[in-house]
Amino acid sequence: MPKLRNKIALLYRYLIIATKRLTDKQLMILLAIVVGLAAGFATFVFERALMFFRFVLTSWFDIDTASVFYLFYPVIGIIIATLFVKYVVRDNISEGVTRVLYAMSKKGSRIKPHNCYSSIVASSATIGFGGSVGPEAPIVLTGAAVGSNIARFMRLNYKNITLLLSCGAAAALSAVFKAPITGVVFVLEILMLDITVASIIPLLISAVTATTLMFFLNGFDPVFNLNILHSFELEHLPYYIVLGLICGLMSYYFTQINSKIGQLFARIKSMYRRWIAGGLIIGVLIFLFPPLYGEGYESLADLMHGNVDALFNNSMFFQYRGIGWVVMLYLIATLFFKVVAMSATNGAGGVGGSFAPSLFVGAFTGATMVYGLNYFFGLELPIIPFTLVGMAGVMSGVMNAPLTSIFLIAELTNGYALFVPLMLVAALSFALDYYLEPYSIYTKKLSQSGELLTHNKDRSILVFLDLPALMETDFYKISMNTTLGDVVNLISTVHRNIFPVVSKDGTLLGIVQLDDLRADMFSPEKYGTTIDRYMIAPPDLIYQNEQIGSVLDAFEDSKAWMLPVVTTDKKYLGFISKSRILAAYREQLRAISEE
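The following refers to the structure shown. Not measured: the values here are computed from a predicted model.

### Overview of the packing of aromatic side chains
Line of reasoning, step 1. Applying the stated criterion to the full structure yields 26 aromatic pairs.
Line of reasoning, step 2. Between the aromatic rings of Phe53 and Phe129, the centroid separation amounts to 5.4 Å while the plane-to-plane angle is 50 degrees, which identifies the pairing as tilted. Placement of the pair is Phe53 in helix H2 (residues 24-58) and Phe129 in the loop between helix H5 (118-128) and helix H6 (136-153), with a sequence separation of 76 residues.
Line of reasoning, step 3. Residue Phe53 is classed as partly exposed on the basis of its relative accessible area, which comes to 22%.
Line of reasoning, step 4. The buried category is assigned to Phe129, whose relative accessible area is 12%.
Line of reasoning, step 5. Of the aromatic side chains, those joined through ring pairs into one cluster are Phe52, Phe53, Phe61, Phe69, Tyr70, Tyr73, Phe129 and Tyr293.
Line of reasoning, step 6. Positioned above the aromatic ring of Phe318, the side-chain terminus of Arg321 is 4.0 Å from the ring centre.
Line of reasoning, step 7. Here the basic side chain of Lys578 rests over the ring of Trp561, its NZ or CZ set 5.0 Å away from the ring centre.

### Remarks on the sheet that holds strand S3 (residues 542-543)
Line of reasoning, step 1. Strand order in this open sheet of three strands is S3-S4-S5, and the pairing throughout is mixed. Both edges of this open sheet fall to S3 and strand S5 (572-577), since each of them pairs with a single strand only.
Line of reasoning, step 2. Across two bridges, the pairing between S3 and strand S4 (residues 562-566) is parallel. Within S4, the position partnered with Tyr543 by the bridge is Val566.

### A short note on the pairing of strand S2 (residues 508-513)
For a regular strand, side chains alternate in direction, first toward one face of the sheet and then toward the other.
Line of reasoning, step 1. Strand direction decides the pairing type here: strand S1 (residues 498-502) and S2, joined by five bridges, are antiparallel. The residue bridging Val502 from the neighbouring strand is Leu508, located in S2.

### A closer look at helix H3 (residues 73-89)
Line of reasoning, step 1. A rise of 1.5 Å per residue sets the reference length of H3, with its 17 residues, at 24 Å; its end C-alpha atoms lie 23 Å apart and thus fit the reference within 8%.
Line of reasoning, step 2. For H3, the full list of buried residues reads Tyr73, Pro74, Val75, Gly77, Ile78, Ala81, Thr82, Phe84, Val85 and Val89.
Line of reasoning, step 3. At its buried positions, H3 is contacted by H2, H5, helix H11 (271-288) and helix H13 (324-347).
Line of reasoning, step 4. Arg90 sits one or two residues past H3 and shows a positive phi near 55 degrees.

### Description of the packing of helix H21 (residues 484-491) against helix H22 (residues 514-521)
Line of reasoning, step 1. For the pair H21 and H22, interaxial distance at closest approach is 11 Å and the crossing angle is 110 degrees. Comparing their axes, H22 and H21 come out roughly perpendicular. Across the interface between the two elements, Leu484, Val487, Val488 and Ile491 of H21 pack against Leu514, Leu517, Asp520 and Met521 of H22.
Line of reasoning, step 2. When the residues that make up the contact of H21 with H22 are grouped by side-chain class, the tally is seven nonpolar, no polar and one charged.

### Points about H21
Line of reasoning, step 1. The set of residues buried in H21 consists of Leu484, Gly485, Val487, Val488 and Leu490.
Line of reasoning, step 2. Where H21 is buried, its residues meet S1 and H22.

Criteria and thresholds
For every chain, the first residue of its written sequence is number 1, and the numbers climb from 1 along that sequence. A pLDDT threshold of at least 70 governs which residues receive local features in this predicted model, and a stricter bar of 80 or more applies before side-chain atom pairs are shown or counted, although totals over entire chains, interfaces and linings include all residues. By convention in this description, side-chain values take in all heavy atoms of the structure and omit both hydrogens and water. What counts as a ring pair is set by centres within 6.5 Å for rings of Phe, Tyr and Trp (its six-membered ring), and what kind of pair is set by the plane angle: stacked under 30 degrees, edge-to-face over 60, tilted for all other angles. Put simply, DSSP H or I for four residues or longer makes a helix, DSSP E for two residues or longer makes a strand, and each gets a number counted from the N terminus. When accessible area is computed with a 1.4 Å probe and restricted to protein chains, residues below 20% of their type maximum are described as buried, those above 50% as exposed, and intermediate ones as partly exposed. Placement of a charge over a ring requires the Lys NZ or Arg CZ to be within 6 Å of the ring centre, with the centre-to-atom vector within 35 degrees of the ring normal. Any two strands between which DSSP finds at least two bridges are classified as paired. Expected span of a helix, by definition, is 1.5 Å for each gap between consecutive residues, and there is one gap fewer than residues. Contact definition: two residues touch when any of their heavy atoms are within 4.5 Å. Convention adopted: a line fitted to C-alpha atoms gives each axis, helices being fitted over their contacting stretch, and angles between N-to-C directions are expressed from 0 to 180 degrees. Note that the term roughly parallel is reserved for angles under 35 degrees, roughly antiparallel for angles over 145, roughly perpendicular for angles of 65 to 115, and oblique for everything else. Each residue gets one of three labels, nonpolar for Ala, Val, Leu, Ile, Met, Phe, Trp, Tyr, Cys and Pro, charged for Asp, Glu, Lys and Arg, and polar for the others, Gly among them.

Structure follows, in structure tokens:
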């Protein structure tokens, strides 16, 4: 074993020496290819695992009868995933894209090595057994982890670690959908990478490399191999406008229901009760509506081919598939319950994302609208274009990513004939959802905690700054019983001109400034005066959990340069100075701009 470690260390040394001969740009291009290959292969393994589970568990079901196995499969997958995460991984790997954003803002873009495989294992069990979530967020986390750890292995700086992390995320998403443009745009819109000409090339190379590998392993057919006979027709414009508004409302429903159900499950402290609650909800919903099983891409394909009857396979409603109003109710129930099933899966301990569910809800939204208009009003609207455009609409609102949704649908279908309605519906949905809820499903929690990077570079740099690290604690504390004479005697030994006045239990009562003592400092007859005569209230208080952005706002409002930091119950902790924040800001700006 020691010999093996020595050989590995020697090989690593030779690798570092060899790469030193490359320029930074050449090294990043080489590493982008490596990251693309690794992320693409991880995606291929993940997809094969999901196909294996689906074939073994459901391929033998009779399509004309409901299967009771749907009641039990999802909870089995959730239990497997939960136990794996709790006893093997021992880390939080849920909400994959959110974890990537958090790593970029608070962890120096460093993602733990286990994320290179743990999300694949846990998500395969969750989705393979029917958990109603998507595989994209886990595979994006996997790709980002691959890029981050390769960068750390090569001892790169923060900027290049972030770039390779983004390359891994773009490569993974590109491989899932065989859509390299979507992977790159996703990084720009969602991960909000600060792109320059030097960094866009590795990002493109990584996405193309992963996509090419998937072409080699899985063939050139797009994910949804559709023959779009009907392109955009001007007479359909009013219907697309209505669809855009409906998608905006569905996006808001999606994010709100996901948040509320997540909060309900968070209150359940017992792991076993979460299993029971989640298992009952998901099992019953999938038993009644089999299209909710797994990520739902097979149901999407049937829907887009106009094969609505196939959605009733393995359902207790199979015999009613020819009745128009039953079909309409079935489609509506399926699209609304998809969000509930997804949220319950994640809340109960499953591992998966909201990417595929947003596409699912969007497709069913577009198809339901068209089916209803055609059935009840005798119209002849084509189902495929509205289904595809609906996918872009809901995804645009849920993820706050209109460009990603537009290019994804175009690349998924190898067709750009629908660009005009895609842009229209994505824009309307995004605008309406943004008006109702300005944060996406990925960024809401991070925004509330002040840990979200944004395209506003000044505000993004503040996210990296940590209040406890900037707080100064070398101020001399005095009590209400302290006299002016005591303070005069202290002046020769302390180096601060502010004295916090605290009670016996540590509560901040006020502050004393040296400037306010100067008039009486040279009057010995006043040395017996207690300090409360000179004590004033601080201009403002900073609480220990405040984000730097709000701290700067407090400085701006109070016009002060030094403010005390306290706990929520006003216990004194220290002081924070505006000058120290600005110095840290300049240092962080140099760090993230380093080439």
